[in-house]
Amino acid sequence: MFKDLNPLLHSELRLAIMSLLLSAEEADFVYIKEQTKSTAGNLSVQLDKLSSAGYIKIAKGFIGKKPNTSCKITNAGRVAFAEYVDALKSYIIPHP
Amino acid sequence: MENKQLNAKESLDLIASMIQNTQNSMERNAGVPFLIWGYTTIIISIIIWSLITITENYLWQFLWFALPAISIPTTYITNRHNTKGITTYIDKIILQVWRVFGIAGFLVSIPAFFLEGYPVLFCIILLMGMGTALTGLILKFKPCIWSGFIAMALSHLCLIYSGLNSILIFALVFLIMMVIPGHILNARAKKLSLQ
């Protein structure tokens, strides 16, 4: 039986963001932009969506005089990601 | 990267590649703190040894306080400039390991000002060797693991040669324990980032 995939995570850029944050304590906007090869505008929109869902926390601050936006995955984000991977398995593992 | 929908295999490939990217960024600049502490320790050790040898005044030992006074802010500033945009769990664990060993190093140094013949250099090498070996084990970086254990073994030389020359042994051990693995770690990080 195929399980439903969380539509919020089942998008290339949002999934990439969540995968990056899953294995990091925190990552800043520029790093995520470089790693995902996305545009600043699109990335900003997708980060806001993930933040609104409570999957990530966004903190805006400064490093020296430079503005810095850093992102961190939340517990709810971890749970949602685990459920998403679990649902993915149902598509990969052959059913009897 | 767009907002397109992926099939199951593409999703798993994407997850794997992003996690791999994060792991590759773990070691960038990892050798810099080793080099800062290693070189500062060697330079200060040689200065103290030289000044005491020339003046025969043991008050020059207070110059050891210059070691944290120089290295802590330099490490902090360098970390800020070398920021790679990501803090991994490994970075955080290594920071905590060195906080514990740094505080332990400070605490075991205090009796040296009151007790004559207290083997402070032996204690410091032993502690820093443990910190280095642990860092190597966390990073899965053999040169650090080996240099940490070699330093622990060599720490006994500071008990055998307990006079002024133990300061030179201290400097030599820091060369083996921090400077050499620091350069190897940086070279490996450079190679990884070029890939």
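Residues numbered from 1 in each chain as written. Chains lettered and ligands numbered in written order. Predicted model: local features only at pLDDT ≥ 70, side-chain atom pairs only at ≥ 80, totals over all residues. Heavy atoms only, no water.

S.K.: Explain the nonpolar core to me, please; I cannot follow it from the model alone.
M.R.: Soluble globular proteins tend to pack their nonpolar side chains together in the buried interior. Core analysis: the largest hydrophobic core is formed by 36 residues, its most contacted members being B:Trp64, B:Leu121, B:Met128, B:Phe170 and B:Phe174. Every element with two or more residues in this core is listed here: α2 (32-55), α4 (89-109), α5 (120-139), α6 (142-154) and α8 (166-194) of chain B. Broken down by element, the residue count for this core peaks at 10 residues, all from α8(B). Not counting residues within four places of it along the chain, the set of residues in contact with B:Phe170 comprises B:Thr41, B:Ser45, B:Trp64, B:Leu121, B:Ile124, B:Ile125 and B:Cys158. By size, the runner-up hydrophobic cluster in this structure holds 32 residues, among which are A:Leu13, A:Leu47, A:Cys71 and A:Tyr84. (Core = buried A, V, L, I, M, F, W, Y, C linked by side-chain atoms within 4.5 Å. Buried < 20%, exposed > 50% of the residue type's maximum accessible area, 1.4 Å probe, protein only. Helix = DSSP H or I, 4+ residues; strand = E, 2+ residues; numbered from the N terminus. Contact = heavy atoms within 4.5 Å.)

S.K.: It is not clear to me how the sheet that holds strand β2 (residues 56-63) of chain A should be interpreted in this structure. Could you clarify?
M.R.: In a beta sheet, neighbouring strands are held together by backbone hydrogen bonds and run either parallel or antiparallel to one another. One open sheet accounts for 4 strands, arranged β2(A)-β3(A)-β1(A)-β1(B); its pairing is antiparallel. Where the open sheet ends on each side, the last strands, each with one partner, are β2 of chain A together with β1 (86-88) of chain B. Between one strand axis and the next, the sheet turns by 20 degrees as a mean value, whatever way the strands run. Where α4(B) meets the sheet, it contacts β1 (24-28) of chain A together with β1 of chain B, and its direction lies at approximately 65 degrees from that of β1(B). (Pairing = 2+ DSSP bridges. Axes fitted to C-alpha atoms, helices over the stretch in contact; angles between N-to-C directions.)

S.K.: Honestly, the side chain of B:Ser147 in this entry has me stumped. Any pointers?
M.R.: Residues and elements named next belong to chain B. Structurally, the position occupied by Ser147 is in helix α6. At a separation of 3.2 Å, a polar atom in the side chain of Ser147 contacts the main-chain carbonyl oxygen of Cys144. Setting aside residues up to four positions removed in sequence, Ser147 forms contacts with Thr132, Ile176, Met177 and Pro181. (Polar contact = N/O pair within 3.5 Å; in protein donor to acceptor, adjacent residues only side chain to side chain.)

S.K.: What should I look at first to understand a nonpolar patch on the surface in this one?
M.R.: Among the surface-exposed residues, B:Leu59, B:Phe62, B:Phe65, B:Ile103, B:Phe106, B:Leu107, B:Ile110, B:Phe113, B:Phe114 and B:Leu115 lie close enough to one another that they form a single nonpolar patch of about 1,100 Å² accessible area. Turning to its location among the elements, B:Leu107 is positioned in helix α4. (Patch = residues over 30% accessible without salt bridge, like charges linked within 9 Å, V, L, I, M, F, W, Y side chains within 5 Å. Areas by Shrake-Rupley, 256 points an atom, 1.4 Å probe, with all protein chains shown as cover. Salt bridge = Lys/Arg side-chain N within 4 Å of Asp/Glu carboxyl O.)

S.K.: Which parts of the structure should I look at to understand α4(B)?
M.R.: Count 3.6 residues to each turn of an α-helix, and residues three or four apart come out pointing the same way. Residues and elements named next belong to chain B. With 21 residues, α4 should reach 30 Å at 1.5 Å per residue; the first-to-last C-alpha distance of 30 Å fits that figure. Residues of α4 that are buried: Ile90, Ile94, Val97, Phe101, Gly105 and Ser109. One side of α4 carries all its buried residues, which in axial view fall inside an arc of 100 degrees. The exposed set on the far side of α4, more than 90 degrees from its buried face, consists of Val100, Ile103 and Phe106. (Expected span 1.5 Å × (residues − 1). Arc of directions from axis to C-beta.)

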